[in-house]
Amino acid sequence: MTRFHLLTFATVLGLAFLVFSLAYFATFPLWRSLDFLIFPGQIERALAAYSQADIAAHLRAVRLWDMIFPAYYGVVITLLVRRYWQGQARVWMLGLLWVAVAADYVENFYTI
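Residues numbered from 1 in each chain as written. Predicted model: local features only at pLDDT ≥ 70, side-chain atom pairs only at ≥ 80, totals over all residues. Heavy atoms only, no water.

Draft legend 1. Structural view of a nonpolar patch on the surface. Side chains of Ile77, Leu80, Tyr84, Trp85 and Met93 sit close together on the surface and give an oily, nonpolar patch of about 460 Å² of accessible area. Along the polypeptide, tyrosine 84 turns up in helix α4 (residues 68-84). (Patch = residues over 30% accessible without salt bridge, like charges linked within 9 Å, V, L, I, M, F, W, Y side chains within 5 Å. Areas by Shrake-Rupley, 256 points an atom, 1.4 Å probe, with all protein chains shown as cover. Salt bridge = Lys/Arg side-chain N within 4 Å of Asp/Glu carboxyl O. Helix = DSSP H or I, 4+ residues; strand = E, 2+ residues; numbered from the N terminus.)

Draft legend 2. Highlighting the packing of aromatic side chains. In this structure the tally under the stated criterion is 2 aromatic pairs. Taken together through their ring pairs, the aromatic side chains of Phe69, Tyr72 and Tyr73 make up a single cluster. (Phe/Tyr/Trp six-rings, centres within 6.5 Å; stacked < 30°, edge-to-face > 60°.)

Draft legend 3. Summary view of helix α5 (residues 87-109). A rise of 1.5 Å per residue sets the reference length of α5, with its 23 residues, at 33 Å; its end C-alpha atoms lie 34 Å apart and thus fit the reference within 8%. Listed as buried for α5 are Leu94, Leu97, Val101, Asp104 and Asn108. Residues of α5 that are buried make contact with α3 (52-64) and α4. (Expected span 1.5 Å × (residues − 1). Buried < 20%, exposed > 50% of the residue type's maximum accessible area, 1.4 Å probe, protein only. Contact = heavy atoms within 4.5 Å.)

Draft legend 4. Spotlight on the nonpolar core. One finds Tyr73, Val81, Leu94, Leu97 and Val101 forming the largest nonpolar core, which totals 5 residues. Those residues in contact with valine 81 that sit more than four places away from it in its chain are Arg90, Met93 and Leu94. (Core = buried A, V, L, I, M, F, W, Y, C linked by side-chain atoms within 4.5 Å.)

Draft legend 5. A look at the side chain of aspartate 104. By the element assignment, aspartate 104 lies in helix α5. In terms of polar contacts, aspartate 104 uses its side chain to reach the side chain of tyrosine 73, at 3.3 Å. If near-sequence neighbours (up to four positions away) are discounted, aspartate 104 is found in contact with Pro70 and Tyr73. (Polar contact = N/O pair within 3.5 Å; in protein donor to acceptor, adjacent residues only side chain to side chain.)

Draft legend 6. Highlighting the packing of α4 against α5. At a closest axis distance of 10 Å, the pairing of α4 and α5 adopts a crossing angle of 175 degrees. Relative to α5, the element α4 lies roughly antiparallel. Across the interface between the two elements, Pro70, Ala71, Tyr73, Gly74, Val75, Ile77, Thr78, Val81 and Arg82 from α4 touch Arg90, Met93, Leu94, Leu97, Trp98, Ala100, Val101, Asp104, Tyr105 and Asn108 from α5. (Axes fitted to C-alpha atoms, helices over the stretch in contact; angles between N-to-C directions. Parallel < 35°, antiparallel > 145°, perpendicular 65-115°, else oblique.)

Geometric values such as these leave the question of function open.
Structure below.
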């Protein structure tokens, strides 16, 4: 399998994961994940609309499903960097990428 085919497969897989995640989060009150609420008062209104079961389901989704996505985008972008960058630029890009992946895992762990 060439790299192009691998990246195409990874992109299709990522889009399927995104659609599945959006369908899951559409079952929550206000049709949103708490991750997308950024304005003052939005979190409070959402939490008031969420039942305890909704909060537990949101935490389960973030701690299980959202743990897949950082590794996924880390691997796909690593494949792109390895293909198109050389030398010192490659080292910096990969280093910064995996720092971002680690930061995403920390953010997912400390959600709510």
